[in-house]
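These are the residues of each chain, in order.
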Amino acid sequence: MKMRVKMGTVVPKMGTVVHPEDVPADYRAAMAMALHAELGSTHRAIKSAMRWTGASERTVKYWFAGERGPSGEHLVALARHSDTVLIALLALADRLILEEAEDRERR
């Protein structure tokens, strides 16, 4: 069972690491970067995002290409499954609290 952090967001130590300064300011580009970082660039990656969101293949391909960004329900579904998407979204909203994450890493 995963436990959510009540204050701030902890960047995961293992797996894909997203540095907030690397997140593009453009929403579509940021989501494309996050999806590529989390899933890769294969057809399997597109299928995974389709399963997570219920979106069509064409729609997910637009997200991966950065031509369009996921809307409402799809964004929530992606953030539910992908820490990278969640961190990118928080970085875009200037809501990523790095001090707490750094304090926890020191403990």
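Per chain, residues are indexed from 1 in the order of the written sequence. Per-residue local features of the predicted model are confined to residues with pLDDT of at least 70, and side-chain atom pairs are confined, for both listing and counting, to 80 or more; whole-chain, interface and lining totals are unaffected and use all residues. Water and hydrogen atoms were dropped before computing side-chain values, which therefore reflect all heavy atoms in the structure.

The protein chain carries the name XRE family transcriptional regulator in an unreviewed UniProt entry, which gives Rhodovulum visakhapatnamense as its organism.

A. Inspection of the overall build of the protein chain at higher detail. Segments assigned H or I by DSSP are reported as helices when at least four residues long, segments assigned E as strands when at least two residues long, and all are numbered from the N terminus. Counting secondary structure elements, the protein chain contains six helices and zero strands. If you list the helices and strands of the protein chain from N to C, you get α-α-α-α-α-α. Exposure categories follow from relative accessible area, calculated using a 1.4 Å probe and restricted to protein chains: below 20% of the type maximum is buried, above 50% is exposed, and the middle band is partly exposed. Per-residue burial for the protein chain yields a buried fraction of 32% across its 107 residues. A separation of at least 24 residues holds for 62% of the contacts in the protein chain among residues at least 6 apart in sequence. Summing over all exposed atoms, the protein chain offers an accessible surface of approximately 7100 Å²; the carbon and sulfur share of this is 52%. Two residues form a contact once any of their heavy atoms are found within 4.5 Å. Only the protein chains shown count as cover for residues, and all accessible areas are computed by the Shrake-Rupley method using a 1.4 Å probe.

B. Representation of the confidence of the model for the protein chain. On average, residues of the protein chain score 80 in pLDDT, and 69% of them are at 70 or above. As a per-residue measure, pLDDT reflects the predictor's confidence and takes values from 0 up to 100. In this model residues 1-14 is a low-confidence stretch, pLDDT under 50, and it forms 24 contacts with partners more than four residues away in sequence or in other chains.

C. Examining the pattern of salt bridges more closely. Criterion for a salt bridge: a side-chain nitrogen of Lys or Arg within 4 Å of a carboxyl oxygen of Asp or Glu. Within the structure shown, the criterion is met by two salt bridges. With a closest N to O distance of 4.0 Å, arginine 28 and aspartate 26 form a salt bridge. In this structure arginine 28 comes out as partly exposed when scored by relative accessible area, which is 38%. Here glutamate 57 makes a salt bridge to lysine 61, at a shortest N to O gap of 3.4 Å. Within this pair, glutamate 57 and its partner lysine 61 are both found in helix 3 (residues 57-65), separated by four residues, close to a single helical turn. By relative accessible area, which is 26% here, glutamate 57 ends up partly exposed. Using a relative accessible area of 30% as the deciding quantity, one classes lysine 61 as partly exposed.

D. Examining the packing of aromatic side chains more closely. Pairing of aromatic rings covers Phe, Tyr and the six-membered ring of Trp, with a centre-to-centre limit of 6.5 Å; geometry is then stacked below 30 degrees between planes, edge-to-face above 60, and tilted otherwise. Evaluation of the coordinates by the stated rule reveals zero aromatic pairs. Seen from the ring of tyrosine 62, arginine 58 lies directly overhead, with NZ or CZ sitting 4.5 Å from the centre. Between arginine 68 and the ring centre of tyrosine 62, over which it is positioned, the NZ or CZ distance is 3.9 Å. Only lysine NZ and arginine CZ atoms are considered, and such an atom sits over a ring when it is within 6 Å of the ring centre and within 35 degrees of the ring normal.

E. Local environment of helix 5 (residues 83-92). Residues of helix 5 that are buried: Thr84, Val85, Ile87, Ala88, Leu90 and Ala91. Contacts from the buried residues of helix 5 go to helix 1 (27-39) and helix 4 (72-81).

F. Spotlight on the environment of proline 70. The topology assignment puts proline 70 in the loop between helix 3 and helix 4. Through-space distance from the C-alpha of proline 70 to that of threonine 59 is 8.4 Å; in sequence the pair is 11 residues apart. If we ignore the near neighbours within four places in the chain, the residues touching proline 70 are Tyr27, Met31, Trp63, Leu75 and Leu78.

G. Here's a closer look at helix 3. Turning to helix 3, its buried residues are Val60, Tyr62, Trp63 and Phe64. On its buried face, helix 3 sits against helix 1, helix 2 (43-53) and helix 4. Just downstream of helix 3, glycine 66 is the residue with a positive phi angle, here 80°.

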